[in-house]
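Take a look at the letters that make up each chain.
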Amino acid sequence: MNSEYILPIIVALPVVGAILLNFINKAQEEAMRVFAVAISAITFFLTLQAWFNFDADATGMQMVFNAAWIPNWNINLTMGVDGISLPLVMLTSGISMLALMASWSIKKAVKGYLILFLLLEAGMLGVFVSLDFFLFYVFWEVMLLPMYFLIGIWGGARKEYAAIKFFLYTLVGSVLMLIAMLMFYFNSGRSFDLLYLARVGQGLEQGYGFDQTTQLIAFVLLFIGFAIKLPAFPFHTWLPDAHVEAPTPISMILAGVLLKMGGYGIIRIAFPLCPYGAQTAAWALVAIGAWSIIYGAFAALAQTDFKRMVAYSSVSHMGYVLIGLGVWSINDTTGAGVNLQYWQMGLNGAMFQMIAHGISSAGMFFMVGVIYDRVHHRDLNKFGGLMGKMPLYGGLSIGLFFAGLGLPGLCGFIGEVFVVLSSWQYSKFLAIVAASGVILTAGYILWAIQRVYLGAEYKGPHADEITPINGRETAIATILLALAIWFGIYPAVLLDVMDGSIAELVQAMDEGYQRVVDVTAVSLKQ
Amino acid sequence: MGLESYLLVGAVLFVSGVVCMATKRNGIGLLMGVELVLNGANVNFVAFSRFTTLGLDGQIVSLFVIVLAAAEAAVALSIALNFYNNHLTIDVDRGDELKG
Amino acid sequence: MNFEQILNLFIQDTTQTSVGLIRPELILCGTILSLLLVRLFSIDRWITPSWVALVGAFVAFGFAATDFLALKESGGEVVQELFTGLLVFDRFTAFFRIFLMLFLVLVVTLTILSGLPDNEDGPDFYTLMFGATIGMMVMASSNHLLILFLGVEMTSVPSYVMVGFLKGRRVSSEAAFKYVVYGAGAAGVMLYGISLLCGLLGTGNMSLMAERLELLTSSGDSIVSGTAIAVMILMVMVGLAFKLSIFPFHFWCPDAFEGATAEVAGFLSVASKAGAFALLVRFALAFSSGDAGALQPTFLYIGLGVGVIAALSATYGNLAAYSQTNVKRLLAYSTIAHAGYMLMGVSAVIVLMNAPADQMSEAAANATRALEGLLYYLAVYMFMNLGAFAVVAFIRNSIFSEEIDDYAGLVSVTPILCVCMLICMFSLIGMPPFGGFVGKFMIFASLFEAGSVHWVMWLVLVAGGVNTVFSLFYYLRVLKVMFLDPRPADAPDVDVRWGSLPGFYTILVTVPVVILGVFVQGLSSTAQNVASVLFP
């Protein structure tokens, strides 16, 4: 297939699927579910083909698709992938497919659910491949509508509250992003093209540039918008409610994919376009990240609701991403980067942690959902002895929870160790804080495992409903665990793809920062 | 008898009309205030037509305004009559079912 | 010239140019006459007045469309003054005519489908509606201060009656009474301001006002000061602010919308705003001759004031909508808020056109883009607001209630109406991929650009963004009730399904909202083309 069109087809296919799904009679629930899984499977295979078409040694964007959308405003349908977005695209399509397979537990209004889910998938894929800021913004916002209804209709006890909280937080972030977008648009001679804007921000284009104040303000606005999604303390309070009240497949998507968009937004937009802003705020990123790790871990320790504990563990794990993004040390006099290979390692660790957390947290939420479907409660103190009653389930769960813990050999370890190692160079104190987060993480995960799976007997209600894990659920869990093990043992499969683009980014930002600092110094002298 | 005197008369009519509109509770009184305002403007138009380069335009405008004021008054009075039929009062403050 | 020469000139001007260019208005007048004759000669036993009205509206729409397309073909540089300079015919006029005619066709169809006026009242109702529409078209093509007043009155007076159309309802009579009292007062103040302006400038012709103002200020005449001109302009704007339901002249709007039927409320909320915005733009631009005159600071501050009022209006509308339980009242406050957003666009146009001399290089191009944003927003607003009111009307026909709580769980009964309401409301919030987002984006972009002229515009932009978040709550509340709440067992059924005419109509009105959000280029370039005629 012509590689130029593969990305638009990947984004458009779920939409087409949603439209076609409309015509299936709503009584034939099984047919609809199978159709939806088929659509997402085809999308997944297309992304797999994009993966194999990807040339890890080439620089720049690949499989670029460009078409004019609104020429009056210089808005184009530009899509492309590089080493940073391609793993995330694969993560999206993979987790979506698995979450659809997990959606057999949704019983009411199946048609509406599947249509909204497919639209959501299209929005997520669109965010990761967009190279035009306006298009990125449109896809970012498009996700909100299906998400609101997916949480609000099929969710748990406090679903309306959780849904509107999620919508509200994200909308506030989006409005801030819109203001930053307008700042970039008008200061660059009316362009939304992210690659062109990056060059303007790095001082490479004659005649246009973002001066230091603009970069600082824009970076703060963008960072708040993306930190809400990440989520970073103190913008994280939507996450426990949304994750807990959402149905299991949607929690998998929320934790597995949506959170990564915050990190992706920072790497793709906030960093390249505002190198000065990024460097000035780097210490804040690392500090917020470190605090998120500790805070999330302590909060997870305190939970009695199983799903809420996993939700706070997401807050904690995404703190590592933020640290990895921020460990950019510079020489204060010249502005040149110092030991940039550590920052590159940190970025690699942050990216890897995003993929790994996507897999492990989707797995954790799925396992919680499996037992919740049977006993209809999530109280950690009322579990116990599940290993005896559901041995296969217990084994797979422990594997996935260990992946979340960051056990060496599983995927969670690589990201964490890269981030901690790279932060040692930047700030020894914060590195120690980050490392001690690992201990807390081990604490709450092991304690949860002990309370839920180990022990002699099951102490909770509905004991008779505990049936062994069925084939579909086993398949999903096995796939996730297999990926976790594979990425843990052979991380190069991801790192080889990511490293080239990350090296480019580091170099571009280092040079861009120096140019911005020089320009201002030069103009001051004059 | 210069321009200023006529403008003063117009202003007096305008202010009395506005005060009437603001303070009257009787609906018909309120509409009388509206007529006062419109006629204050008319005086202005005719005066400007006589003393400035506005020329014939001012007088034409004031003719149009007279017609419009009549039409508006007719409609307003019919609506007031409808209000009376429903509420048995012409007191503006007594219409309070629509609140918030 | 003697009298006979003047008379011949007048007849020539009227018959050869003017009458031919006001065909849509003439068609509507003809329809009004036929409606009245239909009742007079009792033909309404065979032909329903509604169909006469629909045919008339269609024919007028056809003529408006041909005019617009002909203008486009010919390159569209026509700026033809009609009737000795009272009206003007250009691309802007043609655009608003086609907009208003399309809207009229849709509203008449809605009244036919929802069965609002019965046969007996039909001619009256449609006469009023058509009369108001003629007034709006006159507003959009006005070139003289008299026509400004005339157009506003021609629109308002039938609207007063339409609000109170259901004579027996107490709330309708109260709403109409409050509306007429407010409206007459505002029109009076506006007329007084017009009289002072006419007298000061020595002419009522808007295309001559800028030059006269130049002359007066440059001659050093002490009567004219910036403050005096500002006061007069503000008095005129009182009347326009009333028509646009801008804070603080908005008090009639919630009461009038609650008292009126949903169809009339929908008509008022879109069409009178469109006409009033066209008029406001013409009036505001009549004072800007394009290069910075001595009064440039005054007009810049007027523009900033308009921006601040717009922000206040949007904020007030959004905050007051929180506590509403009646869905029409909620939509009335949403109308106030959206008038605020659109007024922000107007303020950007004024500020950009009155920038200080050193920033005037691209003023015309920037102001054209700002006006393009406003026109795009208006077009999308037509569809999304009409869609919302149409849904309200159809639901009212079945459950006889307009309280939000009675909408609980409607998605299980009539998914078509609920999904259309969802699309319209998400567009009103300003979410992609709907047209409301594109319109809001364009206006925000123009505000940002105006911010480089004066920083207050950036605050207005922030207010606009904050208000988008505010508005989320109350729109979502309606949707939450419709989608998330369970339907009580004893609630009446709403019989609007796939394939029924009301369902089809609602889809017809909602689909453009989605189309205008995705296929932006067409309307955007048309709007830019139309807007550029005002900035020679």
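Residues numbered from 1 in each chain as written. Chains lettered and ligands numbered in written order. Predicted model: local features only at pLDDT ≥ 70, side-chain atom pairs only at ≥ 80, totals over all residues. Heavy atoms only, no water.

A look at the overall build of chain C
Item 1. If you tally the helices and strands in chain C, you get 19 helices and two strands.
Item 2. Here the C-alpha atoms of chain C give a radius of gyration of 23 Å, agreeing with the 24 Å that 2.2 N^0.38 yields for 536 residues.
Item 3. Along the three orthogonal principal directions, the C-alpha set of chain C runs to about 75 × 60 × 45 Å.
Item 4. Counting contacts in chain C only where the partners sit at least 6 residues apart, residues at least 24 apart contribute 81% of the total.
Item 5. Of the roughly 16,900 Å² of accessible surface on chain C, 68% is carried by carbon and sulfur atoms.
Item 6. A distance of 6 Å separates the average location of the 23 positive side-chain charges in chain C from that of its 34 negative side-chain charges. (Helix = DSSP H or I, 4+ residues; strand = E, 2+ residues; numbered from the N terminus. Rg over C-alpha atoms; globule rule 2.2 N^0.38 Å. Contact = heavy atoms within 4.5 Å. Areas by Shrake-Rupley, 256 points an atom, 1.4 Å probe, with all protein chains shown as cover. Lys, Arg positive; Asp, Glu negative; His and termini not counted. Charge placed at Lys NZ, Arg CZ, Asp CG, Glu CD.)

Quick notes on unusual backbone geometry
Residue and element names in this part refer to chain A.
Item 1. With an omega dihedral of -10 degrees, the bond running from L230 to P231 counts as a cis peptide bond.
Item 2. Take P231: it is sitting in the loop between α9 (212–229) and α10 (238–245).
Item 3. For the bond running from F233 to P234, omega is 0 degrees, close enough to zero to count as cis.
Item 4. Here P234 lies in the loop between α9 and α10.
Item 5. Even without glycine at this site, A109 takes up a positive phi of about 50 degrees.

Some words on the packing of aromatic side chains
Item 1. Taken as a whole and judged by the stated rule, the model has 64 aromatic pairs over all chains.
Item 2. Here a set of aromatic residues connected by ring pairs shows up, and it is made of W69, W73, F134, Y137, Y185, F186 and F192 of chain A together with F437, F441, F448 and W458 of chain C.
Item 3. The lysine or arginine in question, R378 of chain A, covers the ring of Y372 of chain A, its NZ or CZ lying 5.0 Å from the ring centre.
Item 4. Above the ring of F51 of chain B, the side-chain terminus of R50 of chain B is found at 5.0 Å from the ring centroid. (Phe/Tyr/Trp six-rings, centres within 6.5 Å; stacked < 30°, edge-to-face > 60°. Lys NZ or Arg CZ within 6 Å of the ring centre and 35° of its normal.)

Regarding helix α3 (residues 56–87) of chain B
Item 1. Relative to the 46 Å expected for 32 residues at 1.5 Å per residue, α3 of chain B spans 46 Å between its end C-alpha atoms, a close match to the ideal helical length.
Item 2. Looking one or two places after α3 of chain B, you find L88 of chain B, whose phi comes out positive at around 60 degrees. (Expected span 1.5 Å × (residues − 1).)

Section: the interface of chain C and chain B
Item 1. The partner chain B presents 40 residues to the 45 residues of chain C that form the contact.
Item 2. When the two sides are added together, the surface that chain C and chain B hide from each other amounts to roughly 3,600 Å², 71% of it contributed by carbon and sulfur.
Item 3. Of all residues in chain C, R170, F177 and Y192 of chain C give up the largest surface area on contact with chain B, accounting jointly for 20% of the area buried on that side.
Item 4. Seen at the junction of chain C and chain B, the total is zero salt bridges.
Item 5. Between the two partners, chain C and chain B, sit four residue pairs in polar contact (both at pLDDT 80 or more).
Item 6. Where the side of chain C that touches chain B is concerned, the elements lending two or more residues are α6 (145–163), α7 (170–201), α10 (252–259) and α13 (327–353) of chain C.
Item 7. Considering every element that reaches the side of chain C that touches chain B, the biggest residue donor is α7 of chain C, with 23 residues.
Item 8. When grouped by side-chain class, the residues that make up the side of chain C that touches chain B number 23 nonpolar, twelve polar and ten charged. (Buried area = accessible area lost by both parts, 1.4 Å probe. Salt bridge = Lys/Arg side-chain N within 4 Å of Asp/Glu carboxyl O. Polar contact = N/O pair within 3.5 Å; in protein donor to acceptor, adjacent residues only side chain to side chain. Nonpolar A, V, L, I, M, F, W, Y, C, P; charged D, E, K, R; others polar.)

Some words on the pattern of salt bridges
Residue and element names in this part refer to chain A.
Item 1. What the rule picks out here adds up to 27 salt bridges over all chains.
Item 2. Two residues, R268 and D82, come together in a salt bridge whose shortest N-O distance is 2.8 Å. Separated by 186 residues along the polypeptide, R268 in helix α11 (residues 248–273) and D82 in the loop between β4 (79–81) and α3 (85–101) bring together distant segments of the chain.
Item 3. Taking relative accessible area as the criterion, R268 reaches 10% and is therefore assigned buried. (Buried < 20%, exposed > 50% of the residue type's maximum accessible area, 1.4 Å probe, protein only.)

Remarks on the nonpolar core
As a rule of thumb, nonpolar side chains are buried together in soluble globular proteins.
Item 1. With 475 residues, the main nonpolar core has F133 and F306 of chain A together with F267, F283 and F426 of chain C as its most contacted residues.
Item 2. For F267 of chain C, the residues in contact, after removing those within four places along its chain, are F103, L104, V107, M129, A132, T133, M136, M162 and S272 of chain C. (Core = buried A, V, L, I, M, F, W, Y, C linked by side-chain atoms within 4.5 Å.)

Here's the deal with the side chain of N143 of chain C
Residue and element names in this part refer to chain C.
Item 1. Within the element layout of this structure, N143 appears in the loop between α5 (122–140) and α6.
Item 2. On the accessibility criterion, N143 (7% relative accessible area) is buried.
Item 3. Among the polar contacts listed, one links the side chain of N143 to the side chain of E81, at a separation of 3.1 Å.
Item 4. Among the polar contacts listed, one links the side chain of N143 to the side chain of N205, at a separation of 3.3 Å.

Re the interface of chain A and chain C
Accessible area lost during the coming together of the parts is what is often quoted as the interface size.
Item 1. With 31 residues of chain A at the contact, the number on the chain C side is 35 residues.
Item 2. Counting each side, the surface lost to burial between chain A and chain C is near 3,100 Å², with a carbon and sulfur contribution of 81%.
Item 3. At the boundary of chain A and chain C, one finds one salt bridge.
Item 4. Inspection of the region where chain A meets chain C yields six residue pairs in polar contact (both at pLDDT 80 or more).
Item 5. Breaking the side of chain A that touches chain C down by element, the ones donating at least two residues are β2 (68–70), α5 (133–142), α6 (144–154) and α7 (159–187) of chain A.
Item 6. A total of 13 residues in the side of chain A that touches chain C trace back to one element, the largest contributor, which is α7 of chain A.
Item 7. Residues belonging to the side of chain A that touches chain C are distributed by class as follows: 26 nonpolar, two polar and three charged.

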